[in-house]
Amino acid sequence: MKPMLASSGTEDVLDRKGYIFEPKLDGIRALCYKKTRLKFTSRNGIVITAKYPEFSFFDDLDAKECILDGEIVVYDEKGHPSFGLWMERNKGKNDILATYVVFDIIYLDGKSLLNEPLYVRKKILEKVVKEGDHLQTSFYTKKGRELWSKIKELGIEGAVAKKDDSSYELGVRSKSWQKIKITKDVDCAILGYTTERRKLTSLALGFFDGEKFVFAGKVGTGFDERMMGELRTQLDGIAVEDASVETEKGVVPVEPILVAQVKYLEITKEGKLRAPVFVRLREDKEARDCAIPR
């Protein structure tokens with residue numbers, strides 16, 4: 001089962017009626033299944049339950065069986081979502097604790113809720129979830145502009161606008177949900193790397209056009225020494241002799257299976273990212289899902 005995904009949106013949606021608005025949390029998307037125990041799966045269906053032993057809130061879900069949708073988040077000392085802290089946690093620092101922030105429910109006690117409107121699912125969710133140390137429900141409001149102002153003040157990633165009568169479309173990137181970000185970012189397949197001046201000078205990036213990968217330029221900023229070393233180790237393990245995509249001279253080609261999230265100013269007429277900055281690896285996304293932004 002794959003979760004419903006949001007399309008990219010613009011700020012004008014914040015003024016529309018018939019929507020609810022939620023903060024976009026910088027974490028990892030996960031579905032939660034309750035039956036005889038709790039099970040968590042990532043966006044691409046990998047079981048990740050064992051990674052989060054603190055998620056022991058079986059009895060805090062008022063249901064014999066249910067399926068929830070939410071985000072696994074690590075908060076910093078100010079109470080803001082921190083992907084950097086999540087990365088540290090993911091590398092074995094189990095003293096850094098996570099929180100499951102639930103924003104939807106799609107199944108309850110033998111009944112599918114996929115076709116119920118979002119506002120109904122939200123009401124059901126409030127009755128099912130009892131918040132605790134590692135379990136929360138996501139804040140939402142109909143006042144999009146007020147939320148946007150608060151998001152900018154706190155430095156949160158952005159907002160998600162959802163039609164309040166929308167059904168839940170499994171595995172679909174739907175226009176009924178739109179993500180509005182403070183800065184532009186995009187997910188790219190890593191096609192190769194260069195090593196002119198250091199162990200990792202840049203990453204060659206690309207998009208999948210539905211049939212093949214296409215080169216979208218290189219990113220050479222945003223990673224520190226530790227990240228460069230970790231990336232280089234992973235890239236060496238998937239290096240190939242012959243490039244399947246034409247990039248640039250000096251690029252060591254790799255099998256396109258890793259995904260990088262990057263910030264950028266714009267995409268040029270030639271299809272290249274302008275002023276890209278590396279943000280993080282996306283372990284929850286497939287390279288072939290990195291479509292050209294429209």
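Notes on the structure in this doc start here. (Residues numbered from 1 in each chain as written. Predicted model: local features only at pLDDT ≥ 70, side-chain atom pairs only at ≥ 80, totals over all residues. Heavy atoms only, no water.)

1. Description of the overall build of the protein chain
Each helix and strand in the protein chain was counted, giving 4 helices and 18 strands. Here the protein chain has a C-alpha radius of gyration of 20 Å; the compact-globule value for 294 residues is 19 Å, and the two agree. Each principal axis of the C-alpha distribution contributes one length, and for the protein chain these read about 60 × 40 × 40 Å. In the protein chain, buried positions account for 49% of the 294 residues. Considering only residue pairs separated by 6 or more positions, the protein chain has 68% of its internal contacts joining residues 24 or more positions apart. When the accessible surface of the protein chain is totalled, it reaches about 15100 Å², and 48% of it is carbon and sulfur. (Helix = DSSP H or I, 4+ residues; strand = E, 2+ residues; numbered from the N terminus. Rg over C-alpha atoms; globule rule 2.2 N^0.38 Å. Buried < 20%, exposed > 50% of the residue type's maximum accessible area, 1.4 Å probe, protein only. Contact = heavy atoms within 4.5 Å. Areas by Shrake-Rupley, 256 points an atom, 1.4 Å probe, with all protein chains shown as cover.)

2. Section: the nonpolar core
Leu68, Tyr100 and Leu203 are the most contacted members of the largest nonpolar core, which totals 53 residues. In this structure leucine 68 touches Ala30, Leu31, Cys32, Leu61, Tyr100, Val102, Asp104, Ile105, Leu125 and Val129, once residues within four positions along its chain are discounted. (Core = buried A, V, L, I, M, F, W, Y, C linked by side-chain atoms within 4.5 Å.)

3. Some words on the pattern of salt bridges
Going through the model one piece at a time under the given rule, you end up with 22 salt bridges. Of the charged contacts, one joins glutamate 54 and arginine 89 as a salt bridge, the two residues approaching to 2.4 Å between their closest N and O atoms. Of the two residues, glutamate 54 sits in the loop between strand E4 (38–42) and strand E5 (66–73) while arginine 89 sits in helix H1 (residues 83–90), which places them 35 residues apart along the sequence. We classify glutamate 54 as buried; its relative accessible area is 11%. Taking the shortest distance from any N to any O, the salt bridge between aspartate 284 and arginine 282 comes out at 2.9 Å. As far as burial versus exposure is concerned, aspartate 284 and arginine 282 are alike and both buried. The network of salt bridges with common partners includes Lys24, Glu157, Lys181 and Asp185. (Salt bridge = Lys/Arg side-chain N within 4 Å of Asp/Glu carboxyl O.)

4. Comments concerning H1
Within the sequence span of H1, burial applies to Phe83, Trp86, Met87 and Arg89. One side of H1 carries all its buried residues, which in axial view fall inside an arc of 160 degrees. The N-capping residue of H1, defined by a side-chain oxygen 3.1 Å from the backbone nitrogen of leucine 85, is serine 82. At the exit of H1 stands glycine 92, carrying a positive phi of roughly 115 degrees. (Arc of directions from axis to C-beta. Polar contact = N/O pair within 3.5 Å; in protein donor to acceptor, adjacent residues only side chain to side chain.)

5. Description of the sheet that holds strand E1 (residues 5–8)
The sheet built from 4 strands is open, its strands ordered E1-E10-E9-E2 with mixed pairing. Either end of the sheet is taken by a strand with one partner, and the two such strands are E1 and strand E2 (19–24). Strand after strand, the sheet turns through a mean of 40 degrees between neighbouring axes, direction not considered. Relative to strand E10 (residues 173–181), strand E9 (residues 158–163) runs antiparallel, the two sharing 5 bridges. Within the sheet, the bridge partner assigned to alanine 161 lies in E10 and is glutamine 178. (Pairing = 2+ DSSP bridges. Axes fitted to C-alpha atoms, helices over the stretch in contact; angles between N-to-C directions.)

6. Description of unusual backbone geometry
Here the phi dihedral of aspartate 109 falls at roughly 45 degrees; this positive angle occurs in a residue that is not glycine. Its location among the elements puts aspartate 109 in the loop between strand E6 (99–108) and strand E7 (111–112). Even without a glycine there, the phi angle at alanine 275 is positive, about 55 degrees. Along the chain, alanine 275 falls in the loop between strand E17 (273–274) and strand E18 (277–281).

7. A closer look at the environment of lysine 181
Note on placement: lysine 181 falls in strand E10. Sequence separation between lysine 181 and alanine 159 is 22 residues, and the spatial gap between their C-alpha atoms is 6.4 Å. Among all residues touching lysine 181, those that are not within four sequence positions of it are Lys24, Trp148, Glu157 and Gly158. At 2.5 Å, the side chain of lysine 181 and the side chain of aspartate 185 are in polar contact.

8. Quick look at helix H2 (residues 118–128)
When we look at burial in H2, the residues that qualify are Leu118, Arg121, Lys122, Leu125 and Val128. Here the buried residues of H2 occupy an arc of 125 degrees about the axis, which is enough to place them on one side. Across from the buried face of H2, at angles greater than 90 degrees, the exposed residues are Lys123 and Lys127. Buried-residue contacts for H2 involve E2, E5, E6, strand E8 (135–137), E9 and E10.

9. Focus on the packing of aromatic side chains
For the coordinates displayed, the defined rule picks out 13 aromatic pairs. Ring centres of phenylalanine 40 and phenylalanine 57 lie 6.1 Å apart, and the angle between their planes is 90 degrees; on these two criteria the pair is classed as edge-to-face. Residue phenylalanine 40 is found in strand E4, and its partner phenylalanine 57 is found in the loop between E4 and E5; the two are separated by 17 residues along the sequence. Each ring, one from tyrosine 52 and one from phenylalanine 55, has its centre 5.2 Å from the other, and the planes form 10 degrees; the classification is stacked. With relative accessibility at 4%, the residue tyrosine 52 sits in the buried group. Taking NZ or CZ as reference, lysine 34 lies 4.2 Å from the ring centre of phenylalanine 58, over its face. It is lysine 39 that lies over the ring of tyrosine 33; its NZ or CZ is 5.0 Å from the centre. (Phe/Tyr/Trp six-rings, centres within 6.5 Å; stacked < 30°, edge-to-face > 60°. Lys NZ or Arg CZ within 6 Å of the ring centre and 35° of its normal.)

Geometric descriptors of this kind do not, in isolation, establish any biological role.
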